[in-house]
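Here are the chains, one letter per residue:
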Amino acid sequence: MQKRFFHLTAYLFFFMGIINAQQLHVENYTPSNGLLDTRVIKIFQDNRGLIYFLTWEGISIFDGQRFENISEYNGESLGLVNDMIQWKGDTCYVFTFQKGAYKLVHGSLIKDTAFDKVIEPNHVLKTGDNNWIITSNIGLFSWNGISCKPLIVQPSNKQERDVDFAAAKDKHLIYSKEEGKLLYIMNLTTNTIADSIKGNKISGITGNNQTNIFILINGKWMQLNNEALQKGKLKSEPLYFTAQLPPGFITNHLYVTENRIWLEDFRNRYILFNTATGEKETYPPDYGITSNASVVFTDKENNTWFGIFSKQVQKAYYTKLKRAYPSSIPSVSGLLNDDEGNAIAQWGRQLYILKDNPSASSTDDGGGNPFYWQERSWVFKTVSLIQSNRGDIIDLRKAANTDSSFIHSSRISFDKSGRLLICGNSLYVVEKTLQVHAAALPYFTDNIATDEENNYWAFTRNGTIVSYSLEGSAIHQKNVPIHINNFGPRFAIHWNADTFCIGTRHQGIIWLTIKNGTLKEIGRLNTSKGLSNNFASCLVKKNSRLLYAATEFGLDEILINGTDTIVQNLGAANNLYLPFSYVIKNKKEEIFARSNDNQFWAVAEKEIQIAGFIPSAWFNEITVNGKAVAQALTTFNYNQNNFRFTVTAPCFTNAANMRFDFLLENAANKWQQQSTDNFYSINNLAPGNYTLTVTVNYPGKIYPDKKIRYAFTINSPLWKRWWFIASAILLSAIIFGAVVRSYYRRKLATQKAEADKQQAVEKERNRISRDMHDDLGSGLTKIAILSEVAKKQLPEPEKAKEQLEKISESSRELVDNLQDIIWVLNPRNDTLESLSAYIREYALKYFEPLAVKISFKYPEEFLIKNLSEEKRRNIFLTVKESLHNIAKHAWCNEITIFIKELPQQFEIIIRDDGKGFESDKVRLFANGLKNMQNRIEHAGGKYKVESEKGKGTITTISMPV
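Note that the structure is a prediction, hence the values are computed from the model and not measured.

**Q** Lay out the sheet that holds strand S60 (residues 580–585) in plain terms, naming residues and giving numbers.
**A** With respect to topology, 4 strands assemble into an open sheet ordered S34-S62-S61-S60, the strand pairing being antiparallel. Each having just a single partner strand, strand S34 (321–323) and S60 make up the two edges of the open sheet. Direction aside, the axes of adjacent strands within the sheet are offset by 30 degrees on average. The pairing of S34 with strand S62 (residues 600–603) spans 3 bridges and is classified as antiparallel. By the bridge assignment for S62, Lys322 is matched with Ala602.

Following this line, the structure appears as structure tokens:
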């Protein structure tokens, strides 16, 4: 069979140079990310850490996670924003081309009329404490933070106008005018022109006190001599770093930002000079930084921002994860170590040894799962035969105590003595002499962890833990297998002594101590504590404090510092959110990793340093029931109980690894959220006092943790407040007392009414009894006496007849009185109409034997429907007595009885045309009149008698209804 060769090539790579250079990673921002406008005029950062992009349409504010845009003021477009400066505290000033200047306070614009005379401001240059120079289309203005005045040039005493470009350095203002034909230097102490250059084309000026002043003169970048500038003179000279530029490099653009100088050659590359350290970095065209930037800015974290006009904004920043392969390795399918600790990169069946001394060797034919051992490359020819590039053969079938499946893991490793370890369904230990020892494993195992005593530990996928050792020519099991449910190991490493670190399928990373057959978990790291994913497929321990983990969502760097563990997803810093399956360490302690898109990465050892700046953190917005509220508001009603808190914590270095710990607590409960989200929502909070503490954890602890707090109170409903409850109890007691009192009063009133009723009944009974006794009893007695007299007078017929007539008359009177009593007692007669009819009937019957004319004046319809028994009885007896007096004493010919209904009362008037009487002679029947008056008044009415001798008598009874 014709054999084919695969090549093992050892290359000399400059990995240390690649890693330590810390080249930049580039991110792009456009309106799709939230940027207002890509036509960026300037980039600015305030003292809280926020970055502002000044554009043709307004301002974009960026905190590293999201954009907030300001494009209007009072409903009108803000338009072109040219410049921005820091003023006092957190207040900034914004200068717009057409709308003037504004104060910017916590995201809100406030118009400042002090700049109304500055037409179309362009740039603002700081020249000292509380001193600025403003360039505009109508000239120069000086501003001291309070007032803005035209800049007058002495001794001409004229305002300077038509300024094109300007820069400030060492109490001098360097500017060009008249379309770049004139270059001036002004002494800002005396406001006088110190020197000038005429007749040249000045197309740009840049620089500051940390760097030189550079001018683009006649299409070429030059610098101004610093010694001459200090004397107020203008002297141009070549760029001081010209000798460091590559041959043929043409400086098309020069940008100065803080202590960095960026040079751009449109055809070739960007070059960065750090004036503080003297370092130079080169970025070729294919690196990702777009050419022809209109503005370049370095923030306080040393990230560089490029504004590419009408295209995008780019952020170039240092990351610890770098592409580590040269062009000779297009992709990496696997990473492993050899027995000497070298890193081996696999591309297909080719192996690249990452070491200093290059070498080359080859072997025939291909195979699978290649590895490097004893300075030879090896490949699995079959599941049981392994061959080196020198023709050596390892036959796994020759080992005893193995199964026949020959299912192997791809993770080849070596013990402390350099023996080859192969695992899967079985453990194979291959001596350097190629002798094979084997032992069947309880279940499939992904890798073997070797401790300091050269024991082999298998953490099987079904959760069984068992250890082995090679003794003589046999592998012996050392411990009774330990089984853990729901464990799912995928990669294990020996940590120290009796401790192992295991990457699992679902549980994250677990630290276990195994001693004398006893297992104890001593630590766990999962997504709730910052791990990028709970599936950890590969681990590398760099030292006792630093662990690297390849997960299904990135490559995590884990710094263990007591209880404070810092986890960073290094891939996320590069916007790389995909699985990593391999991470290894070579004998130089360098870390290499492979992502599942076959890219080869190196981890830089040098930490990202940020000095002299700590950003602020604050609550950006608090919403209650969906409406934003002022942070000064800390008291809410019981139904204002749905909250959302949004935090701003500016960070632009590896911001994807920022974590926010929200802790809301009151006297009874705690609620906690730990995540990369900068907002926290909670609904249906019960009334009470609450404190929200937000801890901002910055990536890699580049800043100290920042804590901010917000305390607030949700009032209880009115009916649950103590004073309301006390008042309610008191009121309830009062109401209860009133109800009880009313009940007993009603009960007493009812009892009294019953008693009164009973008393009235008794009284009425007594009255009836009395009336019957008086009327009927006296009448019957009279009849009885007359009967006895008549019996005695029977011998004398005439006298007996007289007595019988008297008995007859008394009987009729007795019947009439009995009839009156029955009528009064009948409740159907309780109306005025019934009383009137009865009076009429009685009067007609009474006066029928007498020659007296009687008439009645009654209403056509009676309105009074209810008349008590007492009133009827007293009225009728009074009328009866009055008619009796008329018949007995009046000697009248005519009687008229009137009944009138008046509001709330009625009247009965009895008028006769008899002889009348005089009041001084009324004694004859005074008691009768007095009794009638008492009877009417007792019933609640009035009784009145009017009479004159010879003019008759008028009796009036008035009775309320």
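**Q** Report on the packing of helix H6 (residues 832–847) against helix H7 (residues 869–890), specifying residues and quantitative values.
**A** Running from amino to carboxyl end, H6 crosses H7 at an angle of 25 degrees, the nearest separation of the two axes being 11 Å. Comparing the axis directions of H6 and H7 gives the class roughly parallel. Handedness of the crossing formed by H6 with H7: right-handed. On the side of H6, the interface is formed by Leu835, Tyr838, Ile839, Tyr842, Ala843, Tyr846 and Phe847, while H7 contributes Arg872, Ile875, Phe876, Val879, Lys880, Leu883, His884, Ile886 and Ala887. Its residues assigned to classes, the contact of H6 with H7 shows 13 nonpolar, 1 polar and 2 charged.

**Q** Please set out the pairing of strand S29 (residues 270–274) residue by residue, giving values where relevant.
**A** Look at any regular strand and the pattern is simple: side chains alternate between the two faces of the sheet. Of all 5 residues in S29, 5 are buried; the element is thus mostly enclosed. Along S29, one buried face is formed by Tyr270, Leu272 and Asn274 and the opposite face, lined by Ile271 and Phe273, is buried too. Summarising the sheet, strand S28 (residues 260–264) and S29 pair through 5 bridges and their orientation is antiparallel. Counterpart to Glu264 in the pairing with S29 is Tyr270. In this antiparallel pair of consecutive strands, S28 and S29, the connection spans 5 residues. Joining the antiparallel neighbours S29 and strand S30 (residues 280–283) is a turn of 5 residues, in which Gly278 adopts a positive phi near 80 degrees.

**Q** An account of the sheet that holds strand S15 (residues 139–143) is requested, with residue identities and associated values reported.
**A** Read from one edge to the other, the open sheet built from 4 strands follows the order S13-S14-S15-S16, with strand pairing classed as antiparallel. The open sheet has two edge strands, strand S13 (121–128) and strand S16 (148–150), and neither has a second partner. Averaged over all neighbouring strand pairs, the angle between strand axes comes to 25 degrees, with direction disregarded.

**Q** Talk me through the side chain of Ser136; I want residue IDs and the actual numbers.
**A** Mapped onto the elements of the fold, Ser136 is located in strand S14 (residues 131–136). Apart from the residues within four sequence positions on either side, Ser136 is in contact with Val118, Ile119, Glu120, Pro121, Asn122 and Phe141.

Cut-offs and rules
Every residue gets a number counted from 1 within its own chain, in the order that chain's sequence is written. Totals for whole chains, interfaces and linings use all residues, but because this is a predicted model, local features are given only for residues with pLDDT of at least 70 and pairs of side-chain atoms are given and counted only at 80 or more. Side-chain calculation: all heavy atoms of the structure are included, whereas hydrogens and water are not. Any two strands with at least two DSSP-identified bridges between them are counted as paired. A helix here means a DSSP run of H or I that spans at least four residues, while a strand means a run of E at least two residues long, and both kinds are numbered starting from the N terminus. An axis is simply a line fitted to the C-alpha atoms; with a helix, the fit covers only the stretch in contact. Between two such axes, the angle follows the N-to-C directions and lies from 0 to 180 degrees. Orientation labels follow simple angle bins: below 35 degrees gives roughly parallel, above 145 gives roughly antiparallel, 65 to 115 gives roughly perpendicular, and whatever is left gives oblique. Crossing chirality is assigned from the near helix's rotation relative to the far helix, an anticlockwise turn below a right angle marking it left-handed and a clockwise turn marking it right-handed. Residue contacts are counted whenever heavy atoms from the two residues lie within 4.5 Å of one another. Residue classes follow a fixed rule: Ala, Val, Leu, Ile, Met, Phe, Trp, Tyr, Cys and Pro count as nonpolar, while Asp, Glu, Lys and Arg count as charged, and any other residue, Gly among them, counts as polar. We call a residue buried when its accessible area falls under 20% of the maximum for its residue type, exposed when it is over 50%, and partly exposed in between, using a 1.4 Å probe and counting protein chains only.

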